[in-house]
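The lines below spell out each chain.
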Amino acid sequence: MYDCIIVGAGPAGGTAAYHLAKQGRSVLILEKESLPRYKPCGGGVSPAIAQWFDFDFSPVISVKANTIRCTWNMGDPVEVQLETPEPVWMVRRDVFDHFLVQQAQKQGAELKDNTEVLGIEFKSDHWQVNTSNGSITGRYLIAADGAKGPMAKWLGFKERKRRLAGALEAEATTQVTNSNIIDFEFGLVKNGYVWNFPKADGYSIGVGTFIGGEPQDFKKILDEYGKSFNINLSTCKQYGHALCLWNGEQTLHTQNAVLAGEAACVVDPMTAEGIRPSIYSGLKASEAIGKALSGDVNALDNYTNVMNEEWGSDMAWAAKIAGLFYRFPKVGYKVGIKRPSGPQLMGKILCGELRYGDVAGRAIKRLTPFG
Ligand SMILES: Cc1cc2nc3c(=O)[nH]c(=O)nc-3n(C[C@H](O)[C@H](O)[C@H](O)COP(=O)(O)OP(=O)(O)OC[C@H]3O[C@@H](n4cnc5c(N)ncnc54)[C@H](O)[C@@H]3O)c2cc1C
């Protein structure tokens, strides 16, 4: 019987496993893919995550990007050098996620990859987890199975306040890029943006929309955008994936189990940043389950409260700003982004130097028509 079984070996699961194993708990990670596995993602990581670990991420940082460039319909550019102490990290997710799991394994966590969870049953005081490789038992469960995983439903979270968004990503491999510029394009797609994030050996180029609307031809948009960088994306494999955006306060715990990462709908509705909040929720989940294992009966309730207070309260501001910005993006681009302070603020938020709450008053005033 494990102290905790974690389903999913992404950033949320890897983080929870690392911290629980470090506490001396017996931990098993179950992952349906074989590691390292591909995950459609821009791979832009906030350097703020460093504060939650005692090891160095340098081996898996492909590029440190210190410049943000934004465009509208591939013109009208604004480019700023970030003034943050540490630039934004660019990673390949297969490498980054596997590294995190390997750090957890070094602390004693066990991994069974190629092992899909097929169902769960609560047995009076523990969980039985049925997998493609047999059944396993654990006292606590962490559902870290991402946007598409089945765990939240199985745990009884049926009526969740989640808001789904969609994105398409392609990884272009080239010789050496030498680029440290993060590109955001706002005019080509409605209700979202197109991005080009540099990697040492290529780019991640993708498109996402965050507040719904009519269907759009993502492939065509990506092809057109890729051409502006002399990249032929029609020859690269393109991967679609859902995003679970934070959509208001939510309960994230149940009997001996918690939701973490995108299974907990933690994604920032303005930028679609999901790695940092997934890691944060993995950390908080590990702390809560550690306390529950030591007999604290309120520990899992507290996890829900901490996530709503610490992350959710700022995401409420992000959602407000996103609602205004993406509804009138041309105005938003002009008044919010075109001036150099716009991308600079975006960079500070991404790097964890500022919270949305710090800039919301000013941003909402600027983005409100005739406000
Ligand atoms: C196109 C795109 C671009 C993005 N770009 C960025 C970005 O640049 N920066 C950023 O911060 N965020 C980005 N995000 C968001 C980010 O990728 C996610 O929020 C993040 O990966 C969530 O981490 P996680 O650990 O919760 O889940 P995941 O990373 O999705 O991992 C979940 C794991 O669970 C496994 N799993 C699922 N079901 C089962 C099962 N039944 N049994 C066993 N294992 C299972 C999956 O195989 C997977 O490995 C992007 C998202 C998309 C779609």
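Nothing here was measured: the structure is a model prediction, and the numbers come from that model. Sequence positions are assigned chain by chain, starting from 1 and proceeding in written order. Two thresholds apply to this predicted model, a pLDDT of at least 70 for residue-level local features and 80 or more for giving and counting side-chain atom pairs, whereas whole-chain, interface and lining totals are computed over all residues. Hydrogens and water are ignored here; the side-chain numbers use all heavy atoms of the structure.

**Overview of the state of the cysteines**
Put simply, the rule reads: Cysteine sulfur atoms that pair up within 2.5 Å are treated as a disulfide.
Taken as a whole and judged by the stated rule, the model has 0 disulfides. Cys351 takes part in no disulfide bond, and the closest cysteine sulfur to it belongs to Cys70, at a distance of 14 Å.

**Topic: the pairing of strand 5 (residues 67-72)**
Note on strand geometry: in a regular strand, side chains alternate between the two faces of the sheet. Heads up, the condition is: For every residue, the accessible area (1.4 Å probe, protein chains only) is compared with the maximum for its type, and the residue is labelled buried under 20%, exposed over 50%, or partly exposed between those bounds. Numbered from the N terminus, helices here are DSSP runs of H or I no shorter than four residues, and strands are runs of E no shorter than two. By the convention used here, strands pair only if DSSP detects at least 2 bridges between them.
Taking burial as the measure, the 6 residues of strand 5 include 5 buried ones, the bulk of the element. Pairing analysis gives 5 bridges linking strand 5 to strand 6 (residues 75-81), with the strands arranged antiparallel. In the sheet register, Cys70 faces strand 6, and the bridge partner there is Val78. In textbook terms, the turn of a hairpin is the stretch between consecutive antiparallel strands, and for strand 5 and strand 6 this stretch comprises 2 residues, one of which, Asn73, has a positive phi near 50°.

**Notes on the pattern of salt bridges**
Under the convention used in this document: The salt bridge definition used is simple: a Lys or Arg side-chain nitrogen within 4 Å of an Asp or Glu carboxyl oxygen.
Within this structure, the stated rule accounts for 13 salt bridges. Residue Asp201 is joined to Arg92 by a salt bridge in which the shortest nitrogen-to-oxygen separation is 3.0 Å. Note that Asp201 is positioned in the loop between strand 14 (192-199) and strand 15 (202-209) and Arg92 in the loop between strand 7 (88-90) and helix 2 (93-106), a separation of 109 residues in sequence. Asp201 gets classed as partly exposed once you look at its relative accessible area, which sits at 32%. For Glu273, the salt bridge identified is with Arg276, shortest N-O distance 2.8 Å. Here Glu273 and Arg276 have matching classes, each one buried. Three or more residues are tied together by salt bridges with common partners; here these are Arg37, Arg93 and Asp97.

**Comments concerning the sheet that holds strand 13 (residues 181-185)**
Keep this limit in mind: To obtain each axis, a line is fitted to C-alpha atoms, and for helices this fit is confined to the stretch in contact; angles are then taken between N-to-C directions over 0 to 180 degrees. We call two residues contacting when some pair of their heavy atoms lies within 4.5 Å.
Here 7 strands make up an open sheet; going across it, the order is 6-5-13-14-15-12-16 and the pairing mixed. Of all strands in the sheet, those bounded by a partner on one side alone are strand 6 and strand 16 (238-245). Ignoring strand direction, the axes of neighbouring strands in this sheet form an average angle of 20°. Relative to strand 16, strand 12 (residues 163-173) is paired through 8 bridges, and the arrangement is antiparallel. Bridging from a neighbouring strand, Leu168 pairs with Gly240 of strand 16. Contacting strand 5 and strand 6, helix 7 (residues 329-337) runs over the sheet at an angle of about 140° to strand 5.

**Description of the site of the ligand**
Threshold: Whether a residue is near a molecule or strand depends on its heavy atoms: if one lies within 4 Å, it is near. In protein, a polar contact requires one atom able to donate a hydrogen and another able to accept it; more generally it is a pair of N or O atoms within 3.5 Å, and residues adjacent in sequence count only if both atoms are side-chain atoms. Residues are sorted three ways: Asp, Glu, Lys and Arg are charged, Ala, Val, Leu, Ile, Met, Phe, Trp, Tyr, Cys and Pro are nonpolar, and all the rest, Gly among them, are polar.
Near the ligand you find 39 residues, and of these Glu31, Arg37, Gly42, Gly44 and Glu262 are the closest. One of the backbone nitrogen or oxygen atoms of Lys32 is found 3.1 Å away from a nitrogen atom of the ligand. Among the elements of the structure, helix 1 (11-22), strand 12, strand 14, strand 16 and helix 5 (275-293) are those that each provide at least two residues to the shell around the ligand. Across the shell around the ligand, the residue classes tally to 17 nonpolar, 11 polar and 11 charged.

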